[in-house]
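So you can see what is in the structure, the chains are spelled out below.
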Amino acid sequence: MSQLKVPLLDLKAQFAAIEQEVWPALERVVRSQQFILGDEVAAFEREVAEYCGTQEAVGCASGTDALLLSLVACGTEPGDEVITSPYTFFATAGSIVRAGARPVFVDIEPDSYNLNLDAVAAAITAKTRAIIPVHLFGRPVEIGPLLDLAARHGIDIIEDACQAIGAEWHGKRAGSFGTAGCFSFFPSKNLGAFGDGGAVTTSDVDLAKRLRALRVHGMERRYHHRWIGWNSRLDAIQAAVLRVKLRHLDRWSEARRRNAQQYRELFHEHGLTDLVRLPDPGPAHVRHVFNQFVIRVPAEHRDPLRKHLRNHGVGTEVYYPVPLHLQEALAFLGYREGAFPEAERAARETIALPVYPELTRDQQAYVVQTIADYFGRR
Ligand SMILES: *Cc1c(COP(=O)(O)O)cnc(C)c1O
């Protein structure tokens, strides 16, 4: 079998397809010399709010800041607890600590990699201020029961939708369920900028106002500061790129979903599903947008298989090798190994395969054939 190159992500292929639309958008911003906020950002905010089905969207510097600004705008204070997943990108928990609160982790479900609802319910205390469910890898959280639980206790849901723009639960989009929805436009996300960027979606108009102030040092009227905020804005250049890309997002998400389905067929054709556990796309009422296609293999095979794939030109990644409760920076929380067995097991068994929209069927066949070769299968 001749060797193909299959990177984990190929942003050059995406750029080649939209280049003709991107250059004029960039030129428009450069000619305007309006780089910070302004019309371009306001237009993107309207478009992304409409896309997500919320009243408002507020651009900011990153997904991390979207989480931090949301927590503070919702009134999070020192001493508060915020419940979230130990199996996510570090920013989810880092932003809770930066907001002055304490992350309270609960274990995940092994199939969806999302928060275990019973564990969330058991972790609620008088100090709980918010819950941050993460729509991990693009799979929407089963959000209905979580919203009911939060409403019963009078606490906010802040969705970490950084990996899930366009994901749906009963036809409604990620970022439209909670008090706030947090998005990242880091280049590897499904809607990626040419650098860092983020946004918060909300239908709470007062919250949107506070968010708009907090991203400019708590300023509502020019040079009159009501709060201590941050400098955390979305650049006009990034907004212009994102406006172009947003028009293609649904087509790209469909291509990711098609690629996921093709992997499923190929893994079955090779009879590999006893060794390789495929990602669960979820029930019929959810639309998984596959920011990542994450398989599981027995822990002893994970790193050797990755090496075999790398040696054959296939890029992979492990999301995430160390669950957050075992991170050095969070040792002060006092969690021990064994606290969250499902998160710890996922950290040992998972591998993300290339699933980007421009991936060809031949490339996918090559990836699965290479995995079959590793296991000595045809
Ligand atoms: C990417 C990501 C973030 C942080 O976004 P940045 O834009 O990189 O700051 C937060 N949470 C999750 C789940 C992410 O995937």
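Residues numbered from 1 in each chain as written. Predicted model: local features only at pLDDT ≥ 70, side-chain atom pairs only at ≥ 80, totals over all residues. Heavy atoms only, no water.

The ligand sits among 13 residues. The nearest are Gly63, Thr64, Asp160, Ser184 and Lys189. Contact between the ligand and lysine 189: an oxygen atom at 2.7 Å from a side-chain N or O atom of the residue. When the ligand sits alone it has 380 Å² of accessible area, and the protein chains cover 93% of it. Among the elements of the structure, helix H3 (63-73) and helix H4 (91-98) are those that each provide at least two residues to the shell around the ligand. (Near = heavy atom within 4 Å. Polar contact = N/O pair within 3.5 Å; in protein donor to acceptor, adjacent residues only side chain to side chain. Areas by Shrake-Rupley, 256 points an atom, 1.4 Å probe, with all protein chains shown as cover. Helix = DSSP H or I, 4+ residues; strand = E, 2+ residues; numbered from the N terminus.)

Within the secondary structure, serine 70 sits in helix H3. Under the relative-accessibility criterion, serine 70 is labelled buried at 0%. With residues near it in sequence (within four places) discarded, serine 70 still touches Ile158, Ala180, Cys182, Val200 and Leu211. (Buried < 20%, exposed > 50% of the residue type's maximum accessible area, 1.4 Å probe, protein only. Contact = heavy atoms within 4.5 Å.)

This next bit is on the pattern of salt bridges. Scanning all chains against the criterion turns up 24 salt bridges. For glutamate 21, the salt bridge identified is with arginine 247, shortest N-O distance 3.2 Å. Of this pair, glutamate 21 sits in helix H1 (residues 11-32) while arginine 247 is found in the loop between helix H8 (236-246) and helix H9 (249-269), placing the two residues 226 residues apart along the sequence. The salt bridge partner of arginine 277 is aspartate 111, with a shortest N-O separation of 2.7 Å. (Salt bridge = Lys/Arg side-chain N within 4 Å of Asp/Glu carboxyl O.)

Now for the domain arrangement of the chain. Here the chain is described as being made up of domain 1 (12-246) and domain 2 (249-374). Put simply, the middle of domain 1 and the middle of domain 2, counted by C-alpha atoms, are 24 Å apart. Listed per partner, the contact involves 44 residues of domain 1 and 40 residues of domain 2. When the two sides are added together, the surface that domain 1 and domain 2 hide from each other amounts to roughly 3700 Å², 59% of it contributed by carbon and sulfur. Three residues, Tyr87, Phe137 and Asn190, lead the burial of domain 1 against domain 2; their summed loss comes to 19% of the area buried on that side. Taken together, the connections running from domain 1 to domain 2 amount to 3 salt bridges. Residue arginine 139 pairs with aspartate 280 through a salt bridge whose shortest N-O separation is 3.5 Å. (Domains from an automatic or database assignment. Buried area = accessible area lost by both parts, 1.4 Å probe.)

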